[in-house]
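The primary structure of each chain is shown beneath.
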Amino acid sequence: MPVALSRAGLGWGFLGVLAFSLTIPLTKVALTGMSALFIGSARAVVAAALALLVLSTMRARRPVGAQWARLAVVAGGVVVGFPLLTSFALTTAPAGHSAVVIGLLPAATAVAGVVRGGERPSRAFWIFAGLGAVAAVGFAALRTDGLAPLDWSDLLLLGAVVAAAIGYAEGGLLARELGSWQTICWALVLASPLMVTLTAIAWVAEPPTATPVAWLAFGYLGVVSMFLGFFAWYRGLAIGPLSRVSQIQLVQPVLSIGWATLILREDLDRATVLGGLAVILCAGLAVRTRLDRK
């Protein structure tokens, strides 16, 4: 592959990861004047409106047959599951803490890809993926007074990782048939009836009382995190090389922790640094051993 194309793929991939890295801290900002249900559902409604506009303008080919069921899996993971679960988790969990737990996502995505693709990776892959899970759960259970039972917010974050991993793995396979941006657009449109309903329920139950800053954070979540970020990310994967571009996701928790420190003024304690390094290292080794085996 020409060097220029390789750099372009890495550049688009990093732009997508940079867009995603602000999701956790800006969700925390939006929560200052909006309910978790409203943020998790309404941001998908905003993205779905943009997706419908793009699909109509580009006259994209409609999915057929079983592709709709597979789109439902993608939508359930990245449009419904991850946004709602993280929004509720962040009502109590610090953004930096959440970024470390979500740092397990690259390894979880690799595991989901192995299971869905019917691969037979090496024993090292399963060892590093398992160590990453142990590191994430151990960090989540670590409190100032030592180990404690997992908080409900930690369980929600781990659930968000599982949901996103399944959605990413299925979406990666489906994108080979429908196209990358078409896949996320159709997933957004497919989930829109549910998300519109949840948005209406959230508005009636607890109308937003947000400041302009919180509304700007929400706008970012809907336009960038749920829509434009996927365009950049999938474009980078399409240009490739996929094996190198996909590993850029490993820097996302580092960026998210940095944003949480700068935007939210959260303390960057030793436990967060060590926990983040452990999760990222295990996830990176799991991804690397999978790629080496392939």
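Each value, and the rule that gives it
Residues numbered from 1 in each chain as written. Predicted model: local features only at pLDDT ≥ 70, side-chain atom pairs only at ≥ 80, totals over all residues. Heavy atoms only, no water. Helix = DSSP H or I, 4+ residues; strand = E, 2+ residues; numbered from the N terminus. Buried < 20%, exposed > 50% of the residue type's maximum accessible area, 1.4 Å probe, protein only. Contact = heavy atoms within 4.5 Å. Areas by Shrake-Rupley, 256 points an atom, 1.4 Å probe, with all protein chains shown as cover. Axes fitted to C-alpha atoms, helices over the stretch in contact; angles between N-to-C directions. Parallel < 35°, antiparallel > 145°, perpendicular 65-115°, else oblique. Left-handed = near helix turned anticlockwise from the far one by under 90°. Nonpolar A, V, L, I, M, F, W, Y, C, P; charged D, E, K, R; others polar. Phe/Tyr/Trp six-rings, centres within 6.5 Å; stacked < 30°, edge-to-face > 60°. Expected span 1.5 Å × (residues − 1).

Caption draft 1: Up close: the overall build of the chain. Along the chain, the regular secondary structure elements total 13 helices and 2 strands. Looking at the chain residue by residue over its 294 residues, the buried ones come to 53%. Sequence separation of at least 24 residues holds for 88% of the intrachain contacts in the chain that already meet a minimum separation of 6. When the accessible surface of the chain is split by element, carbon and sulfur atoms take 69% of a total near 13,300 Å².

Caption draft 2: Examining the packing of helix α5 (residues 95–102) against helix α8 (residues 152–178) more closely. Taken N-terminus to C-terminus, the directions of α5 and α8 make an angle of 40°; their axes are 9 Å apart at the nearest point. When the axes of α5 and α8 are compared, the pair comes out oblique. Both α5 and α8 take part in a crossing whose hand is right-handed. On α8, the residues touching H97, S98, V101 and I102 of α5 are D154, L157, L158 and V161. Of the residues belonging to the contact of α5 with α8, the class tally is 5 nonpolar, 2 polar and 1 charged.

Caption draft 3: Summary view of unusual backbone geometry. With a phi close to 50°, R59 is a non-glycine residue in the positive phi region. On the secondary structure map, R59 appears in the loop between α3 (36–58) and α4 (66–89). Positive phi, normally seen in glycine, also occurs at R265, with a value near 60°. Looking at where R265 falls in the secondary structure, it is placed in the loop between α12 (252–264) and α13 (270–293).

Caption draft 4: Examining the packing of aromatic side chains more closely. Applying the stated criterion across every chain, the model contains 8 aromatic pairs. Taken together, a centroid distance of 4.8 Å and an interplanar angle of 45° make the contact between F227 and F231 tilted. Highlighted residues: F227 and F231, both in helix α10 (residues 212–239), separated by 4 residues, approximately one helical turn. Judged by relative accessible area, which is 5%, F227 ranks as buried. On the basis of relative accessible area, F231 is assigned to the partly exposed category, the value being 25%. One aromatic cluster is present, formed by F38, W203, W215 and F218 through successive ring pairs.

Caption draft 5: Summary view of α3. Look at α3: 33 Å from first C-alpha to last across 23 residues, which is about the 33 Å you get at 1.5 Å a residue. Among all positions of α3, only A36, F38, I39, G40, S41, A42, R43, A44, A47, A48, A51 and L55 are buried. After α3 finishes, the residue R59 shows a positive phi value of roughly 50°.

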